[in-house]
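Coordinate inspection notes
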Amino acid sequence: DAEPTFKQSYAPQSGEIFGILRQMKETFESNLSASQKEEMANQKAYEELKAAKEEEIAAGQAQIESKTEELATTDEKNAEAKTDLEDTKASLSADEQFLMMLKEKCQMTDKEWE
């Protein structure tokens, strides 16, 4: 019969597995570090973009306020101009009537002196 082989020396095979696991850990850590750096760069780019867009919005709001004030001023000037036009037309009409009456008086005076 054959004798049991329990007395043979044991050579552990786990060293190779630990090596693979260490390599995997290093790869994961380097990937994590690269991802974190990329995320920080993306966050900075986002913050800069956000600040730029907020400045654009603020500038747009200021422009809206400016244009609203300009429109109000223009509307006010337009209303004043319309009032002035009506007053001028009324004055012209009165002056034309006065001129007609003056011409009639002059004609009558001319007839009296002839």
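Just above, that's the structure.
Residues numbered from 1 in each chain as written. Predicted model: local features only at pLDDT ≥ 70, side-chain atom pairs only at ≥ 80, totals over all residues. Heavy atoms only, no water.

Quick look at the overall build of the protein
Where we set the bar: A helix here means a DSSP run of H or I that spans at least four residues, while a strand means a run of E at least two residues long, and both kinds are numbered starting from the N terminus. Only protein chains enter the accessibility calculation, which uses a 1.4 Å probe; a residue is then buried when its area is under 20% of its type maximum, exposed when over 50%, and partly exposed in between. Each accessible area is a Shrake-Rupley result for a 1.4 Å probe, and residues are judged covered by the shown protein chains and nothing else.
For the protein, the helix and strand inventory stands at one helix and zero strands. Taken over 114 residues, the protein has a buried fraction of 0%. Surface summary for the protein: the accessible area is close to 11300 Å², and the carbon and sulfur share equals 57%.

Observations regarding the pattern of salt bridges
Short version of the rule: Salt bridge, as used here, is a side-chain nitrogen of Lys or Arg placed within 4 Å of a carboxyl oxygen of Asp or Glu.
Across all of its chains, the model carries three salt bridges by this definition. Notably, a salt bridge pairs lysine 25 with glutamate 29, separated by 3.7 Å at the nearest N-O pair. In this pair, lysine 25 and glutamate 29 are both assigned in helix α1 (residues 14-113), four residues apart and thus about one turn of the helix distant. Note on glutamate 29: relative accessible area 45%, which makes it partly exposed. One salt bridge in this structure joins lysine 53 and glutamate 56, with 3.7 Å as the shortest N-O distance. Here lysine 53 pairs with glutamate 56, and both are found in helix α1, just three residues apart, close to one helical turn. Of the residues examined, glutamate 56 reaches a relative accessible area of 49% and is grouped as partly exposed.

Topic: a negative patch on the surface
Put simply, the rule is: For patch building, the residue pool is restricted to those with more than 30% relative accessible area and no salt bridge; the joining distance is 9 Å between like charges and 5 Å between nonpolar side chains (Val, Leu, Ile, Met, Phe, Trp, Tyr). Counting rule applied: Lys, Arg positive; Asp, Glu negative; His and chain ends not counted. Lysine's charge is taken at NZ, arginine's at CZ, aspartate's at CG and glutamate's at CD.
A surface patch of like charges, here negative, comprises Glu76, Glu80, Asp84, Glu86 and Asp87. Examined against the element boundaries, glutamate 80 turns out to sit in helix α1. Owing to a relative accessible area of 44%, glutamate 80 belongs among the partly exposed residues under this scheme.

Some words on a nonpolar patch on the surface
A contiguous nonpolar patch, built from Ile17, Phe18, Ile20, Leu21, Met24 and Phe28 and spanning about 600 Å² of accessible area, is present on the exposed surface. Structurally, isoleucine 20 can be placed in helix α1. The class of isoleucine 20 is partly exposed, set by a relative accessible area of 45%.

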